[in-house]
Amino acid sequence: MAPGLAGAITVDAMSKPLGPYTPAVRAGDFVFVSGQLGVRDGSLVDGDVAGQTAQAVSNLADRLAEMGAALTDVVKTTCFLIDMDAFATFNEAYVEAFGDHRPARSTIAVRELPAKGQVEIEAVAYSPRG
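All values derive from a computational prediction rather than experimental measurement. (Residues numbered from 1 in each chain as written. Predicted model: local features only at pLDDT ≥ 70, side-chain atom pairs only at ≥ 80, totals over all residues. Heavy atoms only, no water.)

### Considerations on the side chain of T53
Short version of the rule: Here a helix means four or more residues in a row that DSSP labels H or I, a strand means two or more in a row labelled E, and each is numbered from the N terminus. Polar contact criterion, stated in full: a pair of N or O atoms within 3.5 Å, where within protein one must be able to donate a hydrogen and the other to accept it, and residues adjacent in sequence count only if both atoms are side-chain atoms.
Among the secondary structure elements, T53 is positioned in helix α1 (residues 49-66). A distance of 2.7 Å separates a polar side-chain atom of T53 from the backbone oxygen of V49.

### Focus on the pattern of salt bridges
Our working rule: Each salt bridge in this description consists of a side-chain nitrogen of Lys or Arg and a carboxyl oxygen of Asp or Glu lying within 4 Å of one another. Partly exposed residues are those whose accessible area sits between 20% and 50% of the maximum for their type, while under 20% is buried and over 50% is exposed, using a 1.4 Å probe and protein chains only.
Applying the stated criterion across every chain yields a total of one salt bridge. Where E66 meets R63, a salt bridge forms, and the shortest distance between an N and an O atom there is 2.9 Å. With a gap of three residues between them, E66 and R63 both fall in helix α1, about one helical turn apart. Using a relative accessible area of 12% as the deciding quantity, one classes R63 as buried.

### Some words on helix α2 (residues 87-98)
How we decide: By this rule, a helix spans an expected 1.5 Å times one less than how many residues it contains. Starting at the helix axis, one direction is taken to each C-beta atom, and the arc is that of these directions. Should any heavy atoms of two residues lie within 4.5 Å, those residues are considered in contact.
The first and last C-alpha atoms of α2 sit 16 Å apart over twelve residues, in line with the 16 Å expected at 1.5 Å per residue. Along α2, the residues classified as buried are F90, A93, Y94 and F98. For α2, the angular spread of buried residues about the axis comes to 120°, placing them on one side. With respect to the buried face of α2, the exposed residues turned more than 90 degrees away are A88, E92 and E96. On the buried face of α2, the contacting elements are α1, β6 (74-81), β7 (104-109) and β8 (119-126).

No statement about biological role is implied by the geometric values presented.
In structure tokens:
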């Protein structure tokens, strides 16, 4: 644990992750959200990269809300795609989901994602508690 964060760590116990990890963790004023897939009700949403991107961002917003934060608090995302040929489609859906907010972002091509997803998005948010 980082110095000065003892007692400042809050974990999200509401979500059911696909593996042995915590979906969201608050560390002081920062919220770290594990990779979110385009999953709703335990299954990938119908559709392509656009549909999965929209759902992944919706899931990200839900994880942030559970920690007292919002999409507008996101300062960095890391996005994973299984096909960079879908980058333009992903980008359009990402922009639509985030609106005018533009966090720093990396997009990485990977060979495979859990649950046969096409998109996964993780985030770091800065959200001071009032």
